[in-house]
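So the chains spell out like this:
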Amino acid sequence: MHIKVLQGDITKLHVDAIVNAANSSLLGGGGVDGAIHRAAGKELLEECRELHGCKTGQCKMTKGYNLPAKYVIHTVGPVWNGGTDGEAELLSCCYRNSIQCAIEHECKSIAFPAISTGIYGYPKEQAAEIAISTIIDSTKGQADSDFEVWLVAFDEETERLYHNAMLQYS
Ligand code: ADP
């Protein structure tokens, strides 16, 4: 398993699956969700309508339509509420469940945005640590050593936090 950190726009990536930080309706929103829907085209919203929402920490998969990625894995991160509402475990579930979904669909590569760290207000450093530690844990013992996980930082600060967390956990 390889973890790669890069700064950029997740909608441009040629990977098997990109993860969307969606809201529970799955009917589109701002931030990375809006960018993914704009880039994928209106068929994505049509498929999302059939899914009837998604619970926090869970995920649902659709096709990628006009995106370079084959699939979109829509996951719903927790809204930050001070940290005592199970936010860390729910955020960890988003990463774990998305990786499992990708592996079940025989994906070789998956790219994540920094789930919950935008509109949902999760502190960026804690979120980066959860992302890295959960990814390392959930890919342990994976037979497929070529599986690639990309962490896509939209801003420089998030990129730096990922690099720091990588040093801490690897
Ligand atoms: P949430 O509601 O889960 O907080 P947001 O979309 O508001 O979701 O933010 C999640 C993260 O995605 C933030 O770090 C934001 O900067 C980042 N982001 C926004 N647009 C993009 C994009 N096109 N590619 C990658 N990351 C993005």
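Quick caveat, the model's predicted, so the values are computed rather than measured.

The rules behind the values
Residues numbered from 1 in each chain as written. Predicted model: local features only at pLDDT ≥ 70, side-chain atom pairs only at ≥ 80, totals over all residues. Heavy atoms only, no water. Near = heavy atom within 4 Å. Polar contact = N/O pair within 3.5 Å; in protein donor to acceptor, adjacent residues only side chain to side chain. Areas by Shrake-Rupley, 256 points an atom, 1.4 Å probe, with all protein chains shown as cover. Helix = DSSP H or I, 4+ residues; strand = E, 2+ residues; numbered from the N terminus. Nonpolar A, V, L, I, M, F, W, Y, C, P; charged D, E, K, R; others polar. Axes fitted to C-alpha atoms, helices over the stretch in contact; angles between N-to-C directions. Parallel < 35°, antiparallel > 145°, perpendicular 65-115°, else oblique. Left-handed = near helix turned anticlockwise from the far one by under 90°. Contact = heavy atoms within 4.5 Å. Pairing = 2+ DSSP bridges. Core = buried A, V, L, I, M, F, W, Y, C linked by side-chain atoms within 4.5 Å. Buried < 20%, exposed > 50% of the residue type's maximum accessible area, 1.4 Å probe, protein only. Disulfide = S-S within 2.5 Å.

1. Things to note about the site of the ligand
By nearness alone, 14 residues border the ligand, and Asp9, Val32, Ser116, Gly118 and Ile119 come closest of all. One of the backbone nitrogen or oxygen atoms of isoleucine 119 is found 2.8 Å away from an oxygen atom of the ligand. Here the ligand loses 91% of its free accessible area of 560 Å² to cover by the protein chains. Per-element accounting of the shell around the ligand gives the leading share, three residues, to helix 1 (residues 31-40). By residue class, the composition of the shell around the ligand is eight nonpolar, five polar and one charged.

2. Some points on the packing of helix 4 (residues 124-138) against helix 5 (residues 156-169)
It is the contact of helix 4 with helix 5, at a shortest axis distance of 9 Å, that shows an interaxial angle of 45°. The angle between helix 4 and helix 5 places the two elements in the oblique class. You can see that helix 4 and helix 5 cross each other, and the crossing is right-handed. In this structure, helix 4 uses Lys124, Glu125, Ala128, Glu129, Ala131, Ile132, Ser133 and Ile136 to contact helix 5, whose residues at the interface are Glu157, Thr158, Leu161, Tyr162, Ala165, Met166, Gln168 and Tyr169.

3. Observations regarding the sheet that holds strand 2 (residues 17-22)
Taken in spatial order, the six strands line up as 1-6-5-2-4-3 in an open sheet, and their pairing is mixed. Two strands in the sheet have a free side with no partner beyond their single neighbour: strand 1 (2-7) and strand 3 (59-63). The sheet shows a mean angle of 25° between the axes of neighbouring strands, taken without regard to direction. Summarising the sheet, strand 2 and strand 4 (residues 71-76) pair through six bridges and their orientation is parallel. Bridge pairing in strand 4 links alanine 22 to valine 76. Along the sheet, helix 2 (residues 42-49) contacts strand 3 and strand 4; its crossing angle with strand 3, the most-contacted strand, is approximately 135°. Packing against the sheet, helix 4 makes contact with strand 1, strand 5 (109-112) and strand 6 (148-153), and its axis sits at approximately 175° to strand 6.

4. Considering the nonpolar core
If you look at the biggest cluster of nonpolar residues, it comprises 31 residues, and the most contacted ones within it are Ile73, Tyr95, Ile110, Phe112, Ile135, Leu151 and Tyr162. Contributing elements (two or more residues each) for this core: strand 1, strand 2, helix 3 (87-104), strand 5, helix 4, strand 6 and helix 5. Contact partners of isoleucine 135, with chain neighbours within four places excluded, come to Met1, Ile3, Tyr95, Ile99, Phe112, Val149 and Leu151. In terms of nonpolar packing, the next biggest core, distinct from the first, is built from 19 residues, Ala40, Cys48, Val76 and Ala111 among them.

5. What to know about the side chain of asparagine 20
By secondary structure assignment, the location of asparagine 20 is in strand 2. The exposure class assigned to asparagine 20 is buried, which follows from its relative accessible area of 0%. Looking at asparagine 20, its side chain comes within polar contact range of the side chain of aspartate 33, at 2.9 Å. Among the polar contacts listed, one links the side chain of asparagine 20 to the side chain of histidine 74, at a separation of 3.2 Å.

6. A word on the state of the cysteines
Summed over all chains, the structure comprises zero disulfides. Of the cysteine sulfurs around cysteine 48, a residue in no disulfide, the closest is that of cysteine 54, at 10 Å. The exposure class assigned to cysteine 48 is buried, which follows from its relative accessible area of 1%. The closest cysteine sulfur to the non-disulfide-bonded cysteine 54 is located on cysteine 59, 6.5 Å from its own sulfur. Cysteine 54 sits in the buried class, given a relative accessible area of 7%.

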